[in-house]
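Reading the structure
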Amino acid sequence: MSKIIVLMGAPGAGKGTQARLLQERLHLPQISTGDIFRSLKGAQTPLAQEVREIMERGQLVPDELTIQLVRERTSKDDAQEGYILDGFPRTPAQAKSLEKLAGEQDKHIVAIQIEVPCDLLEKRMTGRRNCPVCNEIYNIYFKPPRHDNVCDFHPEAQLVHRGDDNLETVRKRLATYEQQTRPLLDYYASKNLLRVVDGNRKRESIYQDIAAVVRDEGEEVSAGVT
Ligand code: AMP
């Protein structure tokens, strides 16, 4: 049975970085609701404007819209063999809709929490910079580029600082996470669907743990089927 790999954890825990590695190495698409909403950036529609304002406030986009976007994106051809969710689900309603979707798509959910001590999260986000060309993620404190503010792979590209990675919005996003998303960890744990990895290490070590969970889950599922 193909898998839906759900990366969970606070904003700044490293979900995006790990989702990119999983995508490259497992050849499954990374579906990031944050990226989908950020791609509306230039759009001049009332809906895009509303989404931008919600993101600037560090709040969550309404469930109905978010769920609909995920449903559409996951029905595309490239997601038929499985996919990686980064930043979804974030509310109980989204978690319920994902279960329904998994049933309809005949897929198995593997939820993996990337655990990082709270006191590191602010710096992880305020220090974050992205390459606008390849999307490589840097951090001015923990993983600086070789040359100031330019991508190691695209020296012509100035790195970008996300609009919602300023300290004020970061604090609101962390509060939103605590209130609305953290309870989902208990929910997945109670269904025995949650695996936890230590996210306070080098990205490759974290990746190896996540890849091992994904492999083991595959074996457990096939063992259950036979
Ligand atoms: P992220 O890139 O995952 O940190 O998401 C950036 C912002 O996009 C969040 O602070 C929310 O405003 C919005 N967003 C991303 N994913 C979701 C989601 N699953 N539900 C609601 N809002 C979301």
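Just above sits the structure.
The text that follows walks through the structure, step by step, so that each part is easy to find. (Residues numbered from 1 in each chain as written. Predicted model: local features only at pLDDT ≥ 70, side-chain atom pairs only at ≥ 80, totals over all residues. Heavy atoms only, no water.)

1. Some thoughts on the nonpolar core
Counting residues in each nonpolar core, the largest one holds 45 residues, and the members touching the most others are Leu-85, Ile-112 and Ile-210. Ignoring any residue separated from it by four or fewer positions in sequence, one finds Leu-85 in contact with Ile-4, Ile-5, Val-6, Leu-7, Ile-31, Val-70 and Leu-98. Membership of the second largest hydrophobic core comes to six residues, among which are Ile-54, Met-55, Val-61 and Leu-65. (Core = buried A, V, L, I, M, F, W, Y, C linked by side-chain atoms within 4.5 Å. Buried < 20%, exposed > 50% of the residue type's maximum accessible area, 1.4 Å probe, protein only. Contact = heavy atoms within 4.5 Å.)

2. Considering the pattern of salt bridges
All told, the structure shown has 19 salt bridges when counted by the stated rule. Put simply, Arg-38 and Asp-35 hold a salt bridge, and the shortest N to O gap is 2.9 Å. Taken together, the residues span about one helical turn, with Arg-38 and Asp-35 both in helix H2 (residues 33-38) at a distance of three residues. Judged by relative accessible area, Arg-38 falls into the partly exposed class, the value being 25%. Look at Asp-35 and you get partly exposed, because its relative accessible area is 32%. The shortest N-O distance in the salt bridge between Glu-104 and Arg-71 comes to 2.9 Å. Here Glu-104 is found in helix H5 (residues 92-105), whereas its partner Arg-71 is found in helix H4 (residues 63-74), with 33 residues between them in sequence. Residue classification places Glu-104 among the partly exposed positions, given a relative accessible area of 48%. By relative accessible area, Arg-71 is classed as partly exposed at 32%. (Salt bridge = Lys/Arg side-chain N within 4 Å of Asp/Glu carboxyl O. Helix = DSSP H or I, 4+ residues; strand = E, 2+ residues; numbered from the N terminus.)

3. Brief notes about the site of the ligand
Surveying the vicinity of the ligand reveals 16 residues, the closest of which are Thr-33, Gln-59, Gly-87, Arg-90 and Gln-94. Gly-87 places a main-chain nitrogen or oxygen 2.9 Å from a nitrogen atom of the ligand. A distance of 2.9 Å separates a nitrogen atom of the ligand from a polar side-chain atom of Arg-90. Compared with its free state, where it exposes 490 Å², the ligand has 96% of that area covered by protein. With four residues, H2 is the largest single contributor of residues to the shell around the ligand. (Near = heavy atom within 4 Å. Polar contact = N/O pair within 3.5 Å; in protein donor to acceptor, adjacent residues only side chain to side chain. Areas by Shrake-Rupley, 256 points an atom, 1.4 Å probe, with all protein chains shown as cover.)

4. Topic: the pairing of strand E3 (residues 82-86)
Of all the five residues making up E3, five are buried; the element is thus mostly covered by neighbouring parts of the structure. Alternating positions in E3 separate into two faces, Gly-82, Ile-84 and Asp-86 on one and Tyr-83 and Leu-85 on the other, with burial throughout. Two elements, strand E1 (residues 3-8) and E3, share five bridges in a ladder whose sense is parallel. Counterpart to Ile-5 in the pairing with E3 is Ile-84. Sheet topology note: the strand E2 (residues 30-32)/E3 ladder contains three bridges and is parallel. Bridge pairing links Ile-31 to Leu-85 in E3. (Pairing = 2+ DSSP bridges.)

5. Describing the packing of H4 against H5
Their axes nearest at 10 Å, the elements H4 and H5 cross at an angle of 25°. Here H5 runs roughly parallel to H4, going by the angle between their axes. Judged by the sense of rotation from one axis to the other, the crossing of H4 with H5 is right-handed. In this structure, H4 contributes Asp-63, Thr-66, Ile-67, Val-70, Arg-71 and Thr-74 to the contact, and H5 contributes Ala-93, Gln-94, Ser-97, Lys-100, Leu-101, Glu-104 and Gln-105. (Axes fitted to C-alpha atoms, helices over the stretch in contact; angles between N-to-C directions. Parallel < 35°, antiparallel > 145°, perpendicular 65-115°, else oblique. Left-handed = near helix turned anticlockwise from the far one by under 90°.)

6. Focus: unusual backbone geometry
That bond from Phe-88 to Pro-89 is cis: its omega, 0°, falls within 30 degrees of zero. With respect to the helices and strands, Pro-89 occurs in the loop between E3 and H5. We note that Asp-106 has phi near 55°; this positive angle belongs to a residue other than glycine. Relative to the elements of secondary structure, Asp-106 occurs in the loop between H5 and strand E4 (108-115). With a relative accessible area of 52%, Asp-106 lands in the exposed category. You will see that Asn-135, though not glycine, has its phi angle at about 70°, which is positive. Within the fold, Asn-135 resides in the loop between strand E5 (128-130) and strand E6 (137-139).

7. A short note on the pairing of E4
Summarising burial for E4: seven of the eight residues are buried, a large majority. As paired strands, E1 and E4 are joined by six bridges and run parallel to one another. Across the sheet, residue Lys-3 finds its bridge partner in E4, namely His-108. When E4 meets strand E7 (residues 194-198), the two strands line up parallel, connected through five bridges. Among the inter-strand pairings, Gln-113 is bridged to a residue of E7, identified as Val-196.

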